[in-house]
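The lines below spell out each chain.
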Amino acid sequence: MKRLCLIFFLAGMFGLADLQCQTHEIDSLKQLLYPALNQQKRIDLLNQLSYQWMNINFDSAKRYANEAYQKAVAIGHVPGQIKAILRQCSYYLFTGDNRTALGLIKRSELLADKIGNNELLTSAYMIHGDILTNISMYEMAIKYYFLALDLSEVTKNYEKKNLCLNRMGIVNSKTKNFDKALECYQKALKQVSLLKNTDEEFWLMNNIATIYSEQKKDKKALEMYQKILAAHSQNKQLKASVLYNIASTCASIGDTNKAISYYEKAYNLCEETGNVFLRTKVLLDQCALLIDQKKSSIVKEDLVNIFSASVISSWPDLAANSAKLLSAFYEKQHDLKQSLRYLSEYIKYSEIQESKENARKIAEIQLRYDLEKEALDIAAKSHRKSILIVFILIISLVCVCYILTLLVHFKTRAEKGVLRQKNLELEQERLKLEHQNMVNKLELSNKEVVSNAILLSKKNDLLSSVTEKLSQISDQFTKPNKDIIGNFVKELQQSIEEPDWESIEKPFNQIYESFYKNLDVINPNLTTNDKRLCAYIKLKMRSKEIARITSSTPRSVEIARYRLRKKLGITDPLVSLNGFLEHL
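Presented here is an overview of the structure given in this document. (Residues numbered from 1 in each chain as written. Predicted model: local features only at pLDDT ≥ 70, side-chain atom pairs only at ≥ 80, totals over all residues. Heavy atoms only, no water.)

### Focus: the overall build of the protein chain
Working step 1: Check the secondary structure of the protein chain and you find 26 helices and 0 strands.
Working step 2: The burial tally for the protein chain puts 40% of its 584 residues in the buried class.
Working step 3: Taking as baseline every contact in the protein chain between residues at least 6 positions apart, the subset at least 24 positions apart corresponds to 58%.
Working step 4: Summed over all atoms, the accessible surface of the protein chain reaches about 33,000 Å², with 55% contributed by carbon and sulfur. (Helix = DSSP H or I, 4+ residues; strand = E, 2+ residues; numbered from the N terminus. Buried < 20%, exposed > 50% of the residue type's maximum accessible area, 1.4 Å probe, protein only. Contact = heavy atoms within 4.5 Å. Areas by Shrake-Rupley, 256 points an atom, 1.4 Å probe, with all protein chains shown as cover.)

### Comments concerning unusual backbone geometry
Backbone geometry follows two general trends: most residues other than glycine have a negative phi, and most peptide bonds adopt the trans configuration.
Working step 1: A positive phi angle, near 60°, is found at Ser 314, a position not held by glycine.
Working step 2: Looking at where Ser 314 falls in the secondary structure, it is placed in the loop between α16 (300-312) and α17 (316-332).

### Overview of the side chain of Ser 90
Working step 1: Position of Ser 90 relative to the elements: it lies in helix α5 (residues 78-94).
Working step 2: Residue class for Ser 90 comes out buried when judged on its relative accessible area of 11%.
Working step 3: In this structure, Ser 90 is in contact with Met 54 and Ile 127, ignoring residues within four places of it in sequence.

### Thoughts on a nonpolar patch on the surface
Working step 1: Taken together, Ile 389, Leu 393, Leu 397, Val 400, Tyr 402, Ile 403, Leu 404, Leu 406, Leu 407 and Phe 410 make up a surface patch of nonpolar side chains, about 960 Å² in accessible area.
Working step 2: Only α18 (336-393) and α19 (398-472) provide two or more residues apiece to the nonpolar patch.
Working step 3: For the nonpolar patch, the element with the highest residue contribution is α19, accounting for 7 residues.
Working step 4: Looking at the element boundaries, Ile 403 is found in helix α19. (Patch = residues over 30% accessible without salt bridge, like charges linked within 9 Å, V, L, I, M, F, W, Y side chains within 5 Å. Salt bridge = Lys/Arg side-chain N within 4 Å of Asp/Glu carboxyl O.)

### Some points on the pattern of salt bridges
It is possible for side chains bearing opposite charge to pair when their charged atoms get close.
Working step 1: Counted under the stated rule, the structure contains 14 salt bridges.
Working step 2: The shortest N-O distance in the salt bridge between Glu 214 and Lys 176 comes to 3.5 Å. One end of the pair, Glu 214, is in helix α11 (residues 198-214); the other, Lys 176, is in the loop between α9 (158-174) and α10 (178-195), with 38 residues separating them in the sequence.
Working step 3: What makes Glu 214 buried here is its relative accessible area of 19%.
Working step 4: Relative accessible area serves as the criterion here: at 48%, Lys 176 is assigned to the partly exposed category.
Working step 5: The residue Glu 272 makes a salt bridge to Lys 236 at a minimum N-O spacing of 2.9 Å. Placement of the pair is Glu 272 in helix α14 (residues 256-273) and Lys 236 in helix α13 (residues 236-252), with a sequence separation of 36 residues.
Working step 6: For Glu 272, a relative accessible area of 51% corresponds to the exposed category.
Working step 7: One salt-bridge network, in which partners are shared between bridges, spans Lys 180, Glu 183 and Lys 187.

No statement about biological role is implied by the geometric values presented.
What follows is the structure, encoded as structure tokens:
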């Protein structure tokens, strides 16, 4: 599903034209803009500039759209206003401000409907569907795409018809309705072939191949991708995306050599087109594949560069994934300091990504709630009008009006009950998200406590091993060297730190405030070692890890666990000690 979302993102960003061609088009439009004396012509040029900038720089696109709108309002040019609003909607849609985009698109629909411009109304319906897709209201999105599809048939605008079918295919793909999605893509593909729009045809083929991959039909997917490459399209953005898809598919079926080869081809094309995001994504996936092949030594520099680029570009998901791989790499190299550093970075950017995702979900839920509430308010207003009409008839039809009043009353109460239920469900969903966020933070805190303890234990083991080996071979040195080695061994022994229980207990008490109190209620005679063992188990540490920290053997830990069960009164063999303490 991640690959599917990435392809749709790239299709939206780069599917219509190559970046250099767009830049050339922008320069041509600018040359026409300033000599233009006709205000309407000037507004149209500003809207065209905004459209061209949308795939290059969002802020520039918004600036031209705002200028076009202000000039259109000043001279009362309504079509120019609508086009400018549509460009503004696209800006807010791509930057994630769905609420603002929704308010603007409704205004554009009213204006387009008022002047009877079906072309602009079709575009508005399509963008309305895109906004609803963004907030996961897929059924309503499909309805708006159907409205746009019907209007495109009326106006005989087959390009917009194809775009509607493509978007409907994307929505059906997101909802796992792959057969319906393929049907939409095939219809659009047939129409595009007649229009001879090569790039749009290839993007549709790319989307079809992606669905085959989602359905685990890897052979069909690879055949479709190869068919796209064989067509010699001049769109390098498309080729880079297809090469990346081929590499991912080969990796998923275990053909690593082909996967690495296609990753390299995709990377080179991304270098040519300047697509930094896809280039970084390709390189990260290639590094992960090389690490799986036990070739981690050749990817260290690439991973460091990926991490730095992701941090600079504010890509928390790529930063977290590259930091995780770097942490594992340095751990294998026994460089615990660097491993811990990148582990901390992984936790940091994972939290950032999770926070952004949670914030996005909460915003989506709030917007969906507002839309549903708005629909219910409209329904309520409609019913109030009905009540008014019925009330007028009360004068002549008292009995009938009385019955109708009762019916409307009960119906209104039922609708309010439904509204309250929906409010309650939305509130429960919000609380569930907040609870999940707290659970994730708690797990990260547990991992940090355990990691600190294990790292300290590993360091002590390493120092003990070194001092022991030096002591064993000390007789082989000359007396001056033996004294030097002896002093060195003493310094190493003095640097060995016993596991500091307070460093574990302090954050543990902050996380689980009432844990020890609950233990005392069960058995007030538990020893300090018993309570510490309970804490280690609560932190989900295995017997080997506990033995390492407590300088004992795994067998001793198992015996202690057995005795602890008796002290805690756990007689049911089906109840595990870990499960008992986890819910304490």
